[in-house]
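Residue strings, one per chain:
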Amino acid sequence: MNISHRTTKSVLFKSEQTTVKESLIEAVARGADLGGANLRGADLRDADLGGADLRDANLGGARVTATQTATLLECLGIVIEEVDEVKP
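Per-chain numbering applies: the sequence of each chain, read as written, is numbered from 1 onward. The predicted nature of this model means local features are confined to residues of pLDDT at least 70 and side-chain atom pairs, given and counted, to a pLDDT of 80 or more, with totals for whole chains, interfaces and linings taken over all residues. The side-chain values count all of the structure's non-hydrogen atoms but skip hydrogen atoms and water molecules.

(A) Here's a closer look at the overall build of the protein chain. Numbering of helices and strands starts at the N terminus; helices are DSSP runs of H or I of at least 4 residues and strands are runs of E of at least 2. The number of helices and strands found in the protein chain is 2 helices and 2 strands. Only protein chains enter the accessibility calculation, which uses a 1.4 Å probe. A residue is then buried if its area is under 20% of the maximum for its type, exposed if over 50%, and partly exposed in between. Taken over 88 residues, the protein chain has a buried fraction of 30%. Contact definition: two residues touch when any of their heavy atoms are within 4.5 Å. For the protein chain, restricting intrachain contacts to residue pairs at least 6 apart in sequence, the fraction spanning at least 24 positions comes to 21%. Throughout, the Shrake-Rupley method with a 1.4 Å probe supplies accessible areas, and for residues the shown protein chains are the sole cover considered. Carbon and sulfur atoms form 48% of the exposed surface of the protein chain, whose accessible area is close to 6,000 Å².

(B) Molecular detail of the pairing of strand S2 (residues 11-14). In this scheme, strands are said to pair when DSSP sees at least two bridges between them. Two strands pair when backbone bridges link them, and strand S1 (residues 2-4) and S2 are joined in this way by 3 bridges, in the antiparallel orientation. Its bridge partner lying in S2, Ser 4 is registered against Val 11. Hairpin connection from S1 to S2: 6 residues lie between these consecutive antiparallel strands, with Lys 9 at a positive phi of about 70 degrees.

(C) Structural view of the environment of Thr 65. Topologically, Thr 65 is positioned in the loop between helix H1 (20-29) and helix H2 (66-75). Note: C-alpha distance between Thr 65 and Ala 47 (18 residues apart in sequence) is 9.2 Å. If near-sequence neighbours (up to four positions away) are discounted, Thr 65 is found in contact with Arg 45 and Asp 46.

(D) A look at the pattern of salt bridges. A carboxyl oxygen of Asp or Glu within 4 Å of a side-chain nitrogen of Lys or Arg is what we treat as a salt bridge. On inspection of all chains with the given rule, the structure shows 3 salt bridges. Note that Glu 26 is salt-bridged to Arg 30, the shortest N-O span being 3.2 Å. For Arg 30, a relative accessible area of 62% gives the class exposed. In this structure, Arg 55 engages Asp 53 in a salt bridge whose closest nitrogen and oxygen atoms are separated by 2.7 Å. For Asp 53, a relative accessible area of 17% gives the class buried.

Encoded structure:
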């Protein structure tokens, strides 16, 4: 299974795994740069994505759990902070 760049189609990571999720887990574990990866429609539920560089990745239609959402946003460089409620 190859993980390719979404626009250039160049191979970012090669794996002997049979699913995108398994390949992504292996790539993250090995510290692969997955910036711009095409992960469209991938079932990523329960994959540990902590530390993955997914900037500019195509995640359209990818399936993730609610708890993975914050991790994915962080991987994409988006940090959500809680703020104190503003009273009028």
